[in-house]
Amino acid sequence: MLIHHTCPNCGADMNFNSETGMLSCDSCGHNQSVEQLEDIKLTQTFEQDDAREYHCENCGAVVVTDKDTTATSCSFCGGAVILVDRLSGELAPVQVIPFTISKEEAMQAFKKWCRNGRLTPKGFMTANRVKNITGMYVPFWMYDLNNDVEVHAKATKVRTYTSGEYQVTETSHYDVYRKLDIDYAKVPVDASEKLDDQIMDKLEPYNYNDLKPFKTAYLAGYLAEKYNYNDEQLYPRVKNKVKSYIDNYITSTINGYTSVQYHQKNINTKQKHSYYVLLPIWMIYYDLEKQEHNFLMNAQTGKIVGKPPVSMQKVSLWFLGLFSSSFIVLKIIALLLGGALW
Amino acid sequence: MVKKFKWVYLFLLLFLFQLPVQGEGKLIFDHADLLLEDKYSELSSLAEEISQESEIDIIVIIEENLKGNGIDIEKYTQDAYDQYKFGYEKEYGNTAILTIDLKGREVYLAGFGDYQKYLTNSRLDEIREDITPFLSENKFDLVIEQFIKEVDRHIGMPISPNNIFLKTWFQLIIALIIAATIVGIMLFNMGGKVTVSHQTYVDNSRIKAKRDVFTHKTVTRTKIPKNDNNSGGGGVTSGGHSHTGSRGSF
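Everything quoted here is computed from the prediction, not taken from an experiment.

*Asks:* Where do I start with the overall build of chain B in this structure?
*Replies:* Assigned secondary structure in chain B consists of seven helices and seven strands. For chain B, the sequential pattern of α-helices and β-strands runs α-β-α-β-α-β-β-α-α-α-α-β-β-β. In chain B, once contacts between residues fewer than 6 apart in sequence are set aside, the share between residues at least 24 apart is 67%.

Here's what the structure looks like:
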């Protein structure tokens, strides 16, 4: 089932406005708060992998969708359509962070970012070759985790001093034990199979103050997808992700030693909650010398991630510049210390 | 043993008292008559010139046979300093002494006065290593010339002029490493980097139990290696003047 958000004043399509955080009508300028809208609650869930045909309620044209799409626009009339049966039941997101960066702002930010590319080719910095820019809600699972950690380690403190003709090395050995209790809240893991996990991890962090209870209206005018993996399937990934945080924390609790060797590290991670949320990104397709580059932007914070093209010329210039300047600095220091020029 | 030493001492003092007659400001004491007249004056004037320039007396003492007579070359050098009150423009001032024992095939280099900071034990070791090849070939004029020039090279240098840091090839390598590292980091971070950590998502963290139990202590002692080639380093003269030194055989 499709839903359109139509203007109660003039009946035109309404889209979500990232500046005001409200639904707005392009025709008459009417704004409508999202929080007050009643979402249509569907009890039936849609049939898995069913590439069903949807018909645009505005113009009757066939809305072509991918099996994962939950929000898109009608390719014929351009009206925002939301596939509500793919957002219901098990597939209903709990929360959403709405877009705060508009398409124009995203473009500006991207261009600015390109100009700052110290190793990117000249063309990349100046040309306006953004082929396409798409706002999309990416499905994420967020986990609240409790970690019981027990660590056994052997640590040493080393003291060296000279006594007469001898260099004395005194090593004190310690048995170190830590029992830690660590709670992590809302650790996100992206649940879309299309997006590269490593790139998605770089897009973090999102500011969770903007997490809102989900309403379909937030999706109006953007693309959105449903999750491909459920929270159980992604659990190993989140466990792996927090492992490095835990290691970090463990190290921070063992101080004052010269060396620490871990003998046993028992990490018992328990899932307290998991939430299905949608987080906003801008996808930017960029054409340069017939090569397409993809960039993702955190549509809440503006952080940009992606592999920009590398100019070998600039890399060599930087290298040469850094090489010669550090050589000159070293040479000056050497000269001050009384060294010869050659 | 003690008796024998006393004899040696008398003998040594006789030796030394001979010297001052030969004049003030003398820098090269060739007791073995090793150097030809013109070579001697040439090296003397070189020593004189560099001494003035570097504000340090550069003294060379060549002895026929110290070891054979039971005289320790280091002690001999110390006593020479005490006796002659060497020093640039003052008594017991800056002095570099090179003592050569011809028969004993030993050499001792010493630095006195404030300029010990330029003529440390290790730097004297470096100078000794520089002149040892000439010593082995019995080219004593070259030994003296090299010694004078090396002392000149070290005076006024906060670090040894042979320090690797002053070598151009070393500076090039360091510059290369710096440039490669920075460009490498730039390339690595081009596509954005992970900026989240424990801090980002931690809700609550506490240490429930913590033990740091001392179990035992291990102690290792290593003898501080003295420089090889039995160079004894410096010491203090009987007259109470401290000095640096480097001793070796050739």
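From this point, the narrative continues.
*Asks:* Would you take a moment to explain the overall build of chain A for this structure?
*Replies:* A count of helical and extended segments in chain A gives five helices and 16 strands. The C-alpha atoms of chain A give a radius of gyration of 27 Å, which is well past the 20 Å a tight globule of 342 residues would have. Seen through its C-alpha atoms, chain A measures out along the principal axes to roughly 95 × 55 × 35 Å. Split into buried and exposed, the 342 residues of chain A put 34% on the buried side. Nonlocal contacts in chain A, meaning residues at least 24 apart in sequence, comprise 71% of its contacts between residues at least 6 apart.

*Asks:* Explain the pairing of strand β7 (residues 69-73) of chain A to me, please; I cannot follow it from the model alone.
*Replies:* Strand residues, when the strand is regular, have side chains that alternate between the two faces of the sheet. Residues and elements named next belong to chain A. Most of β7 sits inside the fold, with four of its five residues counted as buried. Two elements, β7 and strand β13 (residues 223-225), share two bridges in a ladder whose sense is antiparallel. For A71, the partnering residue across the bridge sits in β13 and is A224. Of the pairings in the sheet, the one linking β7 to strand β8 (residues 80-83) comprises three bridges and is antiparallel in character. Looking at β8, one finds that T72 is bridged to V81. Counted along the chain from β7 to the antiparallel partner β8, the turn is six residues long, and its residue G78 has a positive phi close to 80 degrees.

*Asks:* I would appreciate a short explanation of helix α4 (residues 231-253) of chain A in the present structure.
*Replies:* For an α-helix, 3.6 residues make a turn, and residues three or four places apart therefore share a direction. Over its 23 residues, α4(A) extends 31 Å from the first C-alpha to the last, a length consistent with the 33 Å expected when each residue adds 1.5 Å. Where α4(A) bends most, the angle comes to about 25 degrees, and this point is R237(A). Looking at α4(A), one finds that the buried residues are L234(A), V238(A), K241(A), V242(A), Y245(A), I246(A), Y249(A) and I250(A). The secondary structure elements touched by the buried residues of α4(A) are β10 (130-163), β11 (166-190) and β14 (259-288) of chain A together with α7 (198-201) and β5 (202-223) of chain B.

*Asks:* What's the story with the interface of chain A and chain B in this structure? I'm lost.
*Replies:* When the parts of a complex come together, some accessible area is lost, and that lost area is often taken as the interface size. Contacts between the two partners involve 55 residues from chain A, matched on the other side by 53 residues from chain B. Of all the elements, β11(A) adds the most residues to the side of chain A that touches chain B, at 22 residues. Looking at the side of chain A that touches chain B residue by residue, the class counts come to 28 nonpolar, 12 polar and 15 charged. In this structure, β11(A) lies alongside β5(B), joined through 19 bridges in antiparallel fashion. Residue pairing in the sheet places S172(A) in a bridge with K217(B) of β5(B).

*Asks:* Would you take a moment to explain the sheet that holds strand β3 (residues 95-101) of chain B for this structure?
*Replies:* Pairing between the strands of a sheet comes from backbone hydrogen bonds, and it takes one of two forms, parallel or antiparallel. Residue and element names in this part refer to chain B. Strand order in the open sheet formed by six strands is β1-β2-β3-β4-β7-β6, with mixed pairing between adjacent strands. The open sheet is flanked by β1 (28-30) and β6 (235-236), the only strands paired with a single partner. Its contacts with the sheet put helix α2 (residues 37-54) on β1 and β2 (57-63), and the angle it makes with β1 is roughly 150 degrees. Helix-sheet contacts for helix α5 (residues 140-154) involve β1, β2 and β3, and the interaxial angle to β2 is about 155 degrees.

*Asks:* In this structure, what is going on with unusual backbone geometry? I would like to understand it.
*Replies:* Negative phi values dominate among residues other than glycine, just as trans dominates among peptide bonds. At the junction of E204(A) and P205(A), the peptide bond is cis and its omega measures out at 5 degrees in the coordinates. The phi dihedral of K186(A) falls on the positive side, at around 55 degrees, and the residue is not glycine. Within the fold, K186(A) resides in strand β11. On the basis of neighbour counts, which here come to 21 C-beta atoms within 10 Å, the residue K186(A) falls in the buried class. Non-glycine residue Y92(B) carries a positive phi angle of around 55 degrees. Assignment of secondary structure puts Y92(B) in the loop between α3 (73-84) and β3.

*Asks:* What should I look at first to understand the confidence of the model for chain A in this one?
*Replies:* Should pLDDT be low for a region, the predicted coordinates there are not to be read in detail. Summarising the model, chain A shows a mean pLDDT of 86, and 94% of its residues fall at 70 or more. Here helix α2 (residues 122-126) of chain A is the element of chain A with the lowest mean pLDDT, 72, and β11(A) is the one with the highest, 94.

*Asks:* What is the right way to look at the sheet that holds strand β4 (residues 31-32) of chain A in this model?
*Replies:* Residue and element names in this part refer to chain A. Ordered in space as β2-β3-β4, the three strands form an open sheet in which the pairing is antiparallel. Taken across any chain shown, the strands that pair with only one partner, and hence form the sheet edges, are β2 (14-17) and β4. The pairing of strand β3 (residues 22-25) with β4 spans two bridges and is classified as antiparallel. From the neighbouring strand, S24 faces β4, where its bridge partner is N31.

*Asks:* Help me understand the packing of helix α4 (residues 121-136) of chain B against α5(B), please; the structure alone is not making it clear to me.
*Replies:* In helix packing, the relevant descriptors are the interaxial angle and the interaxial distance, both defined with respect to the helix axes. Residue and element names in this part refer to chain B. Closest axis-to-axis distance for the α4/α5 pair is 9 Å, and the angle between their directions is 160 degrees. When the interaxial angle is binned, α4 and α5 end up roughly antiparallel. Note on packing geometry: the crossing formed by α4 with α5 is right-handed. Counting all contacts with α4, which are made through R123, I127, D130, I131, F134 and L135, the residues of α5 involved are L142, V143, Q146, F147, E150 and H154. Across the contact of α4 with α5, the residue classes tally to seven nonpolar, two polar and three charged.

*Asks:* Would you mind showing me how to read the pairing of strand β7 (residues 242-249) of chain B here?
*Replies:* All names here are of chain B. Buried residues dominate β7, accounting for six of its eight residues. Here two bridges tie β6 to β7, and the two strands are oriented antiparallel to one another. The residue of β7 that forms the bridge with V236 is S242.

*Asks:* Explain the confidence of the model for chain B here, please?
*Replies:* Residue and element names in this part refer to chain B. Across chain B, the average pLDDT comes to 85, with 87% of residues at or above 70. Counting interchain partners and residues more than four positions distant, the pLDDT-below-50 stretch residues 17-23 has two contacts. The ipTM, which scores confidence in the relative placement of chains, is 0.79 for this predicted complex, and the corresponding pTM is 0.71.

*Asks:* Which parts of the structure should I look at to understand the nonpolar core?
*Replies:* A general trend in soluble globular proteins is that nonpolar side chains are found buried together. Counting 77 residues, the largest nonpolar core has Y137(A), L279(A), I281(A) and M297(A) as the members making the most contacts within it. At 11 residues, β10(A) tops the list of elements feeding residues into this core. Core analysis: the next-biggest nonpolar cluster, separate from the first, contains 40 residues, I71(B), Y108(B), F140(B) and I148(B) among them.

Conventions and cut-offs
- Residues numbered from 1 in each chain as written.
- Chains lettered and ligands numbered in written order.
- Predicted model: local features only at pLDDT ≥ 70, side-chain atom pairs only at ≥ 80, totals over all residues.
- Helix = DSSP H or I, 4+ residues; strand = E, 2+ residues; numbered from the N terminus.
- Contact = placed C-beta atoms within 7 Å.
- Rg over C-alpha atoms; globule rule 2.2 N^0.38 Å.
- Buried ≥ 20, exposed ≤ 12 C-beta atoms within 10 Å, placed from the backbone.
- Pairing = 2+ DSSP bridges.
- Expected span 1.5 Å × (residues − 1).
- Bend = angle between axes of the 7 residues up to and from the residue.
- Nonpolar A, V, L, I, M, F, W, Y, C, P; charged D, E, K, R; others polar.
- Axes fitted to C-alpha atoms, helices over the stretch in contact; angles between N-to-C directions.
- pLDDT = per-residue confidence, 0-100.
- Parallel < 35°, antiparallel > 145°, perpendicular 65-115°, else oblique.
- Left-handed = near helix turned anticlockwise from the far one by under 90°.
- Core = buried A, V, L, I, M, F, W, Y, C linked by C-beta atoms within 7 Å.

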